[in-house]
Amino acid sequence: RAGVLHGRHHRGSRREGEEDRGLRLRSSGQSEDTMTTFRCDIVSAENEIFQGDATLVVATGEIGELGIAARHAPLITRLKPGKVVVTLPAGEQLDFAISGGILEVQPDVVTVLADTAVRAEEIDEAAVRKAKEEAERVLAGRGEAMELAEAQAKLAETLAQLQALERLRKNLKH
């Protein structure tokens, strides 16, 4: 009896398994699209930056980059200043720069709670470069301890924004 598994369940061919899967999807009322997408919310202290469907969210966690896809295990982690890239169902990627925050993954929604967040196309490059130079000047002068911590945080934030701008420019060229 080749092809019969424990409990008398027939393994079937690859095609039969795919058909069964399709039947299960239809009977559960979910399409394949809803099984590969999830809602993504990016919120800062000031306002909601983004809300919509996504297929992938990539963010910079404290121990490295995280890639969150549909049906990811629940998770809460802190985010470092850096970029958040949201891939939309059509394949388009949206870039955001955040100054740090929290990433929460639930079964149907991924939430980025950021201290500050901005879309890459809304970044004022001149203001960011000026803030970067100011932070570097404070760090070079070795000011007060509190001033140093603020300057380091500001430098990390400005670098994240500049990286988001560079990525946006690169995507526009393609």
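Residues numbered from 1 in each chain as written. Predicted model: local features only at pLDDT ≥ 70, side-chain atom pairs only at ≥ 80, totals over all residues. Heavy atoms only, no water.

Helix and strand content of the protein: four helices and 11 strands. Looking at the protein residue by residue over its 174 residues, the buried ones come to 35%. Long-range pairs, those at least 24 residues apart, make up 49% of the contacts in the protein with a sequence separation of at least 6. Only carbon and sulfur atoms are counted for the fraction: they give 50% of the accessible area of the protein, which is about 11400 Å². (Helix = DSSP H or I, 4+ residues; strand = E, 2+ residues; numbered from the N terminus. Buried < 20%, exposed > 50% of the residue type's maximum accessible area, 1.4 Å probe, protein only. Contact = heavy atoms within 4.5 Å. Areas by Shrake-Rupley, 256 points an atom, 1.4 Å probe, with all protein chains shown as cover.)

Moving on, we get to empty space enclosed by the protein. Enumeration over the complete set of coordinates arrives at one cavity of 30 Å³ or more. Approximately 40 Å³ is the volume attributed to the largest cavity. Considering the residues around the largest cavity, the lining is formed by Phe38, Ile68, Ala69, Ala70, Arg71, His72, Val105, Gln106, Pro107, Asp108, Val109 and Val110. Elements represented by at least two residues in the lining of the largest cavity include exactly strand S6 (64-69) and strand S10 (109-114). The residue inventory of the lining of the largest cavity, partitioned by class, reads eight nonpolar, two polar and two charged. (1 Å grid on protein atoms, 1.4 Å probe; cavity = no way out; pocket = protein on both sides within 12 Å on 5 of 7 lines; lining within 4 Å. Points joined across faces, edges and corners; volume = space filled by probe spheres on them. Nonpolar A, V, L, I, M, F, W, Y, C, P; charged D, E, K, R; others polar.)

With that settled, consider the pairing of S6. Both strand S5 (residues 56-61) and S6 contribute to a ladder of six bridges, which runs antiparallel. Following the sheet pairing, Thr60 is matched in S6 by Glu65. (Pairing = 2+ DSSP bridges.)

Turning our eyes to something else, we now look at the packing of aromatic side chains. Considering all chains together, one arrives at one aromatic pair under this definition. Both rings, one in Phe50 and one in Phe96, keep their centres 5.9 Å apart while their planes meet at 55 degrees; by these two values the pair is tilted. Of this pair, Phe50 sits in strand S4 (residues 48-54) while Phe96 sits in strand S8 (residues 93-98), and the two are 46 residues apart along the sequence. Grouping residues by exposure puts Phe50 and Phe96 together as buried. (Phe/Tyr/Trp six-rings, centres within 6.5 Å; stacked < 30°, edge-to-face > 60°.)

For the rest of this paragraph, the subject is unusual backbone geometry. One non-glycine residue, Arg71, lies in positive phi territory at about 65 degrees. Position of Arg71 relative to the elements: it lies in the loop between S6 and strand S7 (75-87). The exposed category is assigned to Arg71, whose relative accessible area is 60%.

Let us now look at the confidence of the model for the protein. The predicted model of the protein averages 76 in pLDDT, with 70% of residues at 70 or higher. Confidence over residues 13-32 falls short of pLDDT 50; this stretch has five contacts with residues more than four positions distant or in other chains. (pLDDT = per-residue confidence, 0-100.)

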